[in-house]
Amino acid sequence: MIRKASRERRSRVVLALDLEDPDRGKLMQRSMDVLSAVAKHVCAVKLNRQLVLALGLWGGVDSIVNTIHEFSLPAIMDAKLNDVGHTNEFMARSYMDAGFDALIASPITGWEGGMDSVFKLAESRDKALIMLTYMSNPGAQTFYSMQASRGNESPKPMFETFIEMARQWKAYGLVVGATRPEIIRRSRELAGRDMAILSPGVGAQGGDPRAAIGAGSDYLIVGRAIYEASDPKKAASQYSELTL
Ligand code: OMP
């Protein structure tokens, strides 16, 4: 879905629709307005807790997911799943039931009793899982670049181990921050061509869209630089052009 939408719209931009408003009605309306304005210039839409907590999954976010699908775009839930198996499975099933096509999860739980249930569920429902392997924020390197070894292996940065795990688990793709092109380049080497790399952190967080794509990202996740722009449609179109 994402590849088709990306080709058709000539865009590698994933809209992060992270709007906030204490008034539920206004939040819903603004979300739909931004979505309608930018739909032709993005290849997927990612939702986060801003909308799920404020609007609820049922009778709220589910209708946004329907609208995303009406625009023939995939809907990604930024769930950052990171708990024990049965809780992860409940969250994943709920998001999948609400129509999401893909979920973001953290590999930090490991497989057994952590990600195993989520991957089995995703396979049975034909949904995609995207693993968070290097975050975009400045402090991320403390942990993601930490040298660690598995068993008798020689030490290497944590994110490299996460990518190996994601490959072994047959994840659809990786989230790697756009703020560190050298990490994207290394991630691409380790992930091979088949895994998608989605990179947040351009615009408001300072990452350079061209550098991220040049280093190997397939898609850029962009939030505030689009939905806070005076003309979100123009901003989405400009980001799309930057990434061609
Ligand atoms: P902007 O900084 O407004 O473009 O938003 C970035 C979006 O990407 C938000 O929805 C974040 O939750 C998300 N994100 C990051 O910013 N950094 C990460 O390392 C990972 C994510 C993510 O998983 O999407």
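Colleague: What should I look at first to understand the overall build of the chain in this one?
Modeller: Scanning the chain from N- to C-terminus turns up 12 helices and 10 strands. Relative to a compact globule of 244 residues, whose C-alpha radius of gyration would be 18 Å, the chain shows 17 Å and is just as compact. Counting only C-alpha atoms and orienting by the principal axes, one finds that the chain spans roughly 55 × 40 × 30 Å. Looking at the chain as a whole, 55% of its 244 residues qualify as buried. Look at the contacts in the chain between residues 6 or more apart in sequence, and 67% of them connect residues 24 or more apart. Carbon and sulfur atoms make up 49% of the accessible area of the chain, which amounts to about 11,200 Å² in all.

Colleague: Would you mind showing me how to read the site of the ligand here?
Modeller: Around the ligand lies a shell of 17 residues, among which D18, K46, S136, Q205 and R224 are the nearest. Q205 is positioned such that a nitrogen or oxygen atom in its side chain is 2.8 Å from an oxygen atom of the ligand. Residue G223 places a main-chain N or O atom 2.8 Å away from an oxygen atom belonging to the ligand. Looking at the shell around the ligand residue by residue, the classes come out as 8 nonpolar, 4 polar and 5 charged.

Colleague: Any chance you could explain helix α8 (residues 158-168) here in plain terms?
Modeller: One full turn of an α-helix is made of 3.6 residues, so residues set three or four places apart face in the same direction. Within α8, 8 of the 11 residues are buried, which leaves it mostly tucked inside the rest of the structure. For α8, every residue scored as buried is listed here: M158, F159, E160, T161, F162, I163, M165 and A166. Where the residues of α8 are buried, they touch β5 (128-134), α7 (141-144), β6 (147-148), β7 (156-157), β8 (173-176) and α9 (181-191). Taken from the residues just after α8, K170 is the one with a positive phi, measuring 65 degrees.

Colleague: Quick question: what am I supposed to make of the nonpolar core here?
Modeller: Across soluble globular proteins, nonpolar side chains have a tendency to be buried as a group. One finds L47, I64 and F100 to be the most contacted residues of the largest nonpolar core, which totals 88 residues. Apart from residues no more than four positions distant in its own chain, F100 is found in contact with L47, L57, V61, V65, A75, I76, M77, Y95 and K127.

Colleague: Explain the packing of aromatic side chains to me, please; I cannot follow it from the model alone.
Modeller: The description of two aromatic rings rests on the distance between their centres and on the angle between their planes. Within this structure, the stated rule accounts for 9 aromatic pairs. A ring pair is formed by Y95 and F100, whose centres lie 5.9 Å apart and whose planes are at 90 degrees; its orientation type is edge-to-face. Their ring planes at 70 degrees and their centres at 6.1 Å tell us that Y144 and F162 sit as a pair that is edge-to-face. Separated by 18 residues along the polypeptide, Y144 in helix α7 and F162 in helix α8 bring together distant segments of the chain. Classification of Y144 as buried rests on a relative accessible area of 9%. Among the residues examined, F162 registers a relative accessible area of 3% and is labelled buried.

Colleague: It is not clear to me how the side chain of S31 should be interpreted in this structure. Could you clarify?
Modeller: Residue position: S31 is located in helix α2 (residues 24-38). Residue S31 is classed as buried on the basis of its relative accessible area, which comes to 0%. Residues within four places of S31 in sequence aside, it is in contact with L17, L19, L51 and I64.

Colleague: In this structure, what is going on with the pairing of β5? I would like to understand it.
Modeller: Regular strands place side chains that alternate from one sheet face to the opposite one. Counting buried positions over the 7 residues of β5 gives 7, a clear majority of the element. In terms of strand pairing, strand β4 (residues 102-105) meets β5 through 4 bridges, oriented parallel. Paired with A105 across the strands is M131, a residue of β5. Regarding the hand of the β-α-β motif, the stretch spanning β4, helix α6 (residues 111-125) and β5 is right-handed. Bridging between β5 and β8 involves 4 bridges; their strand directions are parallel.

Colleague: Is there a simple way to think about the pattern of salt bridges in this case?
Modeller: Side chains that differ in sign of charge can pair as their charged atoms come close. All chains considered together, the criterion is met by 11 salt bridges. Close ionic contact of R125 with D97 constitutes a salt bridge, the shortest N to O distance being 2.9 Å. Here the residue R125 occupies a position in helix α6, and D97 occupies one in helix α5 (residues 85-97), the gap between them amounting to 28 residues. A residue is classified by how much of its surface remains accessible, and D97, at 43% relative accessible area, is partly exposed.

Colleague: Help me out: how do you make sense of the environment of K170 in this one?
Modeller: Within the fold, K170 resides in the loop between α8 and β8. Counting along the chain gives 14 residues from K170 to I184, while the straight-line C-alpha distance between them is 19 Å.

Each value, and the rule that gives it
Residues numbered from 1 in each chain as written. Predicted model: local features only at pLDDT ≥ 70, side-chain atom pairs only at ≥ 80, totals over all residues. Heavy atoms only, no water. Helix = DSSP H or I, 4+ residues; strand = E, 2+ residues; numbered from the N terminus. Rg over C-alpha atoms; globule rule 2.2 N^0.38 Å. Buried < 20%, exposed > 50% of the residue type's maximum accessible area, 1.4 Å probe, protein only. Contact = heavy atoms within 4.5 Å. Areas by Shrake-Rupley, 256 points an atom, 1.4 Å probe, with all protein chains shown as cover. Near = heavy atom within 4 Å. Polar contact = N/O pair within 3.5 Å; in protein donor to acceptor, adjacent residues only side chain to side chain. Nonpolar A, V, L, I, M, F, W, Y, C, P; charged D, E, K, R; others polar. Core = buried A, V, L, I, M, F, W, Y, C linked by side-chain atoms within 4.5 Å. Phe/Tyr/Trp six-rings, centres within 6.5 Å; stacked < 30°, edge-to-face > 60°. Pairing = 2+ DSSP bridges. Right-handed = clockwise from strand over helix to strand, strands pointing away. Salt bridge = Lys/Arg side-chain N within 4 Å of Asp/Glu carboxyl O.

Everything listed here is a matter of coordinates, which is why it stays silent on function.
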